[in-house]
Amino acid sequence: MLADLLIAALLLLGGGFVLIGSWGLVRLRSTMERLHGPTKATTLGLGALLVASVVFFQAKLGTWTAHELLISLFLFITAPISANMIAKVHMHRLRTGAVSEPASIAGPPPRPANGSDWATFEAPHSGTPTSTANS
Amino acid sequence: MIGVALHFALGCVALALLFNGWRLLRGPSLGDRIMALDTMVINAIALIVLIGIAGGNDTYFEAALLLAMVGFVSTIAYCKFILRGDIVE
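Residues numbered from 1 in each chain as written. Chains lettered and ligands numbered in written order. Predicted model: local features only at pLDDT ≥ 70, side-chain atom pairs only at ≥ 80, totals over all residues.

Draft legend 1. Structural detail: the overall build of chain A. Secondary structure summary: chain A contains four helices and zero strands in total. Put simply, chain A runs from its N terminus to its C terminus through helices and strands in the order α-α-α-α. Here chain A has a C-alpha radius of gyration of 20 Å; the compact-globule value for 135 residues is 14 Å, and the former is much larger. Taken over the C-alpha atoms alone, chain A extends approximately 60 × 40 × 25 Å along its principal axes. Sorting the 135 residues of chain A into buried and exposed places 33% on the buried side. Within chain A, contacts between residues at least 6 apart in sequence are counted, and of these 61% link residues at least 24 apart. (Helix = DSSP H or I, 4+ residues; strand = E, 2+ residues; numbered from the N terminus. Rg over C-alpha atoms; globule rule 2.2 N^0.38 Å. Buried ≥ 20, exposed ≤ 12 C-beta atoms within 10 Å, placed from the backbone. Contact = placed C-beta atoms within 7 Å.)

This is the structure we're talking about:
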């Protein structure tokens, strides 16, 4: 009974957050704001659904599976990386003038400190691990 | 109780996939389209997990794990192609 309640609550939470993430993708105005919905709300929603399935298989069928935790660990690692890459794509296309950013609720992001530009616009510095220029 | 919650979650994920499809078709910039595709993959994983719960079958999680990996790699490859004009340099 308690397990039923827990599974149902986790399913409701997960479904709700997945829906909220995609609704943010539709509703928000600029690309950088839209990035928030899928990366945070959808990841949390899927995590809740995966925990629900762990509890379900443990309580109902008596089989202990850890694959779900593996999926959620993998997603929690990869979601920020893909969000970073999408933001980089968007910033480079903004700079080349391929797209124009509509007015957003939060306004434009603050500039980096000491007059430098965003790191993704700079050439890689030699001797750093990210530099592939001379290898 | 689980049945009702399961159907609610399935409806939510289906509606979320529709929203993603709308953004994929509409999306003014390429970043939006990549984002919509990435979110669609995550929602497809959620759908597979829910189907696994509904069927009481834990074989579906292999497919979900594979889809998570392929989705991540394809998103990164698409971004890399737009950024650098090449995938493997």
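Next comes the rest of the write-up.
Draft legend 2. Expanded view of the packing of helix H1 (residues 2-27) of chain A against helix H3 (residues 36-61) of chain A. Residues and elements named next belong to chain A. For the pair H1 and H3, interaxial distance at closest approach is 7 Å and the crossing angle is 160°. Comparing their axes, H3 and H1 come out roughly antiparallel. At the point where H1 passes H3, the crossing takes the left-handed sense. Tallied by class, residues from the contact of H1 with H3 come to 21 nonpolar, eight polar and no charged. (Axes fitted to C-alpha atoms, helices over the stretch in contact; angles between N-to-C directions. Parallel < 35°, antiparallel > 145°, perpendicular 65-115°, else oblique. Left-handed = near helix turned anticlockwise from the far one by under 90°. Nonpolar A, V, L, I, M, F, W, Y, C, P; charged D, E, K, R; others polar.)

Draft legend 3. The arrangement of the interface of chain B and chain A in detail. With 45 residues of chain B at the contact, the number on the chain A side is 46 residues. Put simply, the parts of the chain that give the side of chain B that touches chain A at least two residues each are helix H1 (2-26), helix H2 (30-55) and helix H3 (60-84) of chain B. The element best represented in the side of chain B that touches chain A is H2 of chain B, accounting for 16 residues. Each residue belonging to the side of chain B that touches chain A can be placed in one class, and the counts come to 32 nonpolar, eight polar and five charged.

Draft legend 4. Fine view of the UniProt feature "transmembrane region" (unreviewed entry) in chain A. Residue and element names in this part refer to chain A. The UniProt record annotates "transmembrane region" (unreviewed entry) at residues 6-26, 38-57 and 69-87. For residues 38-57, the end-to-end C-alpha separation is 27 Å, with 100% helix and 0% strand making up the annotated structure. End C-alpha to end C-alpha, residues 69-87 measures 27 Å, and it is 100% helix and 0% strand. (UniProt positions renumbered as here; feature names shortened; annotations may be inferred.)

Draft legend 5. Highlighting the UniProt feature "transmembrane region" (unreviewed entry) in chain B. Using the residue numbers shown here, the UniProt feature "transmembrane region" (unreviewed entry) corresponds to residues 6-22, 34-54 and 60-83 of chain B. The span residues 6-22 of chain B is 100% helical and 0% strand by assignment, and the distance between its end C-alpha atoms comes to 24 Å.

Draft legend 6. Looking closely at the confidence of the model for chain B. Across chain B, the average pLDDT comes to 90, with 99% of residues at or above 70. Looking at the elements of chain B, mean pLDDT is at its lowest for H3 of chain B, recorded as 90, and at its highest for H1 of chain B, recorded as 93. (pLDDT = per-residue confidence, 0-100.)

Draft legend 7. Representation of H1 of chain B. Taking 1.5 Å per residue, 25 residues should reach 36 Å; H1 of chain B reaches 36 Å between its end C-alpha atoms and fits that length. Looking at H1 of chain B, one finds that the buried residues are Ala5, Leu6, Ala9, Cys12, Val13, Ala16, Phe19, Asn20 and Arg23 of chain B. Lining the buried residues of H1 of chain B we find H1 and H3 of chain A together with H2 of chain B. (Expected span 1.5 Å × (residues − 1).)

Draft legend 8. Up close: the packing of helix H4 (residues 67-95) of chain A against H2 of chain B. Axis separation between H4 of chain A and H2 of chain B bottoms out at 9 Å; the angle between their running directions is 170°. In terms of axis orientation, H4 of chain A runs roughly antiparallel to H2 of chain B. On H2 of chain B, the residues touching Ile71, Ser82, Ile86, Val89, His90 and Arg93 of chain A of H4 of chain A are Leu30, Gly31, Ile34, Met35, Asp38 and Ile45 of chain B. Its residues assigned to classes, the contact of H4 of chain A with H2 of chain B shows seven nonpolar, three polar and two charged.

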